[in-house]
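Chain and residue survey
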Amino acid sequence: MHAMFNGDFGVILVNIFLLGILFAVAIAIARMRSLFAIVMLSGMYSLVSAAWYVAIDAVDVAFTEAAVGAGMSTVVLLGAMLLTSRTAKPEKFFFRLGPLLVCLATGAALIYATVDLPALGDATSAANAGVGYTYLQVGWFDTGIPNIVTPVLASYRGFDTLGETTVVFVAGLAVALLLGFGERSLAERIRNEGRTSNRGSKKAPAVSDEDPA
Amino acid sequence: MNTDHHVILRVVAKMLIPVIVIFAFYVQFHGDFGPGGGFQAGVIIAVAIILYALIFGVPAAMRAVPPAFTRSLAAVGVMIYAGVGFWALLQGGQFLEYQALFHEPPGEHHGQHIGIMVIEIGVLCGVSGAMLTIFYAFAGRVAEIRDEDW
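Residues numbered from 1 in each chain as written. Chains lettered and ligands numbered in written order. Predicted model: local features only at pLDDT ≥ 70, side-chain atom pairs only at ≥ 80, totals over all residues. Heavy atoms only, no water.

Here we take up the overall build of chain B. For chain B, the helix and strand inventory stands at five helices and zero strands. Starting at the N terminus and ending at the C terminus, chain B contains elements arranged as α-α-α-α-α. Sorting the 150 residues of chain B into buried and exposed places 51% on the buried side. At a minimum sequence separation of 6, the contacts of chain B that also span at least 24 residues come to 58%. For chain B, the computed accessible surface area is about 6,900 Å², with 72% contributed by carbon and sulfur atoms. (Helix = DSSP H or I, 4+ residues; strand = E, 2+ residues; numbered from the N terminus. Buried < 20%, exposed > 50% of the residue type's maximum accessible area, 1.4 Å probe, protein only. Contact = heavy atoms within 4.5 Å. Areas by Shrake-Rupley, 256 points an atom, 1.4 Å probe, with all protein chains shown as cover.)

Printed below as a string of structure tokens:
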């Protein structure tokens, strides 16, 4: 209660505001049926959580969340949505009971677990006291790079990052092998263009520099 | 099909896409000093090309950046990263030991800077190539996204 009257009050207010938006968006996603709206709202969820990561000083995580969560995964979900129907089928009440129980149990367990978590920025917590503190001390001498995140990712944990890059590569390879390399539509399009002689009228919408009439 | 009601989108996107790519390179090469790095920059470059595909159509994007190029780019990125490891091995160090790249004593940082920059370029190529491959795999299955599909 004492923290409310010093400088932390604004931070607390921003945290409550952003988490409230996250909660509202999550409820909206759960209640919606239109897949397009759900995809857009999930992009919004990522963007708001990125803003929240900035509020708790995790700028690198926020950057990744904004780029991957709000940009990339929204587009991939849109692409997946185009391959299926546009609305989710409503489930019967009885079938929604199981997931509801699972969600409630998981949520209760998570809230119970937060009791043991150290406070934000606690210098004696396990994450800050052990190897993280050592990196902060020796990082500048070892690597001469001001942003401590970069040498931890690329130098101290170079093997991990190599593994992550390989995972991303393998994910792309697996999707391409499962769904095809996506060249079919291009070949189809080019074949159609070769068949129709009036090529100019077909390409007109893609160029847009021609007369708008 | 000749309705041209996306003209604002196209004009704005044409101006935005170069800015997005420049921002991606800023994120890439400024990662030593601020938030960012190869992963974020790769995703941003991929998103710039995806924006092009969404506005001008997937076939146009595939002509500009062919799928064969994106999947080779992903493989080349991982090879660049692993290649730095083997470069350090050939210089007598351990795998990915940047300090051994130029046989430097501790406290000198030339090898660290060069090594990290090269592996970040590898991450950039790998991530952007893989993301674009995934996007093409999804978007390439629908021949053309019509307006009424949204």
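Once the structure has been displayed, the description carries forward.
Counting from both sides, the interface comprises 62 residues of chain B and, opposite them, 58 residues of chain A. In total, about 5,300 Å² of surface goes out of reach between chain B and chain A, with carbon and sulfur atoms giving 71% of it. Linking chain B with chain A are zero salt bridges, by the criterion used here. Linking chain B with chain A are 11 residue pairs in polar contact (both at pLDDT 80 or more), by the criterion used here. Those elements giving two or more residues to the side of chain B that touches chain A turn out to be α1 (7-29), α2 (38-56), α3 (58-64), α4 (67-90) and α5 (110-139) of chain B. Ranked by residue count, the leading element in the side of chain B that touches chain A is α5(B), at 16 residues. (Buried area = accessible area lost by both parts, 1.4 Å probe. Salt bridge = Lys/Arg side-chain N within 4 Å of Asp/Glu carboxyl O. Polar contact = N/O pair within 3.5 Å; in protein donor to acceptor, adjacent residues only side chain to side chain.)

Peptide bonds are mostly trans, and most non-glycine residues show a negative phi. Even without being a glycine, Asp57(A) presents a positive backbone phi close to 65 degrees. Inspection of the secondary structure puts Asp57(A) in the loop between α2 (35-55) and α3 (59-82). According to the relative accessible area criterion, Asp57(A) is exposed, its value standing at 67%. With a phi close to 55 degrees, His103(B) is a non-glycine residue in the positive phi region. With respect to the element layout, His103(B) can be found in the loop between α4 and α5. Of the residues examined, His103(B) reaches a relative accessible area of 56% and is grouped as exposed.

Summed over the entire model, instances satisfying the criterion amount to 10 aromatic pairs over all chains. With 4.4 Å between their ring centres and 25 degrees between their planes, Tyr135(A) and Tyr156(A) make a pair best called stacked. With a gap of 21 residues between them, Tyr135(A) in helix α6 (residues 131-143) and Tyr156(A) in helix α7 (residues 149-156) connect regions that are remote in the sequence. Cluster of aromatic residues (ring-pair linked, three or more members): Phe63(A), Phe23(B) and Tyr26(B). (Phe/Tyr/Trp six-rings, centres within 6.5 Å; stacked < 30°, edge-to-face > 60°.)

Another aspect to go through is the nonpolar core. Of all hydrophobic cores here, the largest spans 48 residues; its most connected members are Leu96(B), Tyr98(B), Ile119(B), Phe135(B) and Tyr136(B). For this core, the elements supplying multiple residues, two or more each, are α3 and α8 (158-179) of chain A together with α1, α2, α3, α4 and α5 of chain B. Counting six residues, the second largest nonpolar core, distinct from the first, contains Ala13(B), Ile17(B), Ala48(B) and Ala60(B). (Core = buried A, V, L, I, M, F, W, Y, C linked by side-chain atoms within 4.5 Å.)

What follows deals with the confidence of the model for chain B. The share of residues in chain B with pLDDT of 70 or more is 91%, and the mean pLDDT across the chain is 86. Confidence scores differ between elements of chain B, with α3(B) showing the lowest mean pLDDT of 85 and α4(B) the highest of 93. (pLDDT = per-residue confidence, 0-100.)

A few words now on the packing of α2(A) against α3(A). All names here are of chain A. Look at α2 against α3: their axes get within 8 Å of each other, and the N-to-C directions meet at 175 degrees. It follows that α2 is roughly antiparallel to α3 by the angle criterion. Counting all contacts with α2, which are made through Leu 35, Phe 36, Val 39, Met 40, Ser 42, Gly 43, Ser 46, Leu 47, Ser 49, Ala 50, Tyr 53 and Val 54, the residues of α3 involved are Val 61, Ala 62, Glu 65, Ala 66, Gly 69, Ala 70, Thr 74, Leu 77, Leu 78 and Met 81. Considering only residue class, the contact of α2 with α3 consists of 15 nonpolar, six polar and one charged. (Axes fitted to C-alpha atoms, helices over the stretch in contact; angles between N-to-C directions. Parallel < 35°, antiparallel > 145°, perpendicular 65-115°, else oblique. Nonpolar A, V, L, I, M, F, W, Y, C, P; charged D, E, K, R; others polar.)

So, about α6(A). Bending of α6(A) peaks at approximately 40 degrees at the position of Gln137(A). Among the residues making up α6(A), those that are buried are Tyr135(A), Gly139(A) and Thr143(A). Next to the buried residues of α6(A) lie α7 of chain A together with α5 of chain B. Within two residues after α6(A), Gly144(A) carries a phi angle of roughly 70 degrees, on the positive side. (Bend = angle between axes of the 7 residues up to and from the residue.)

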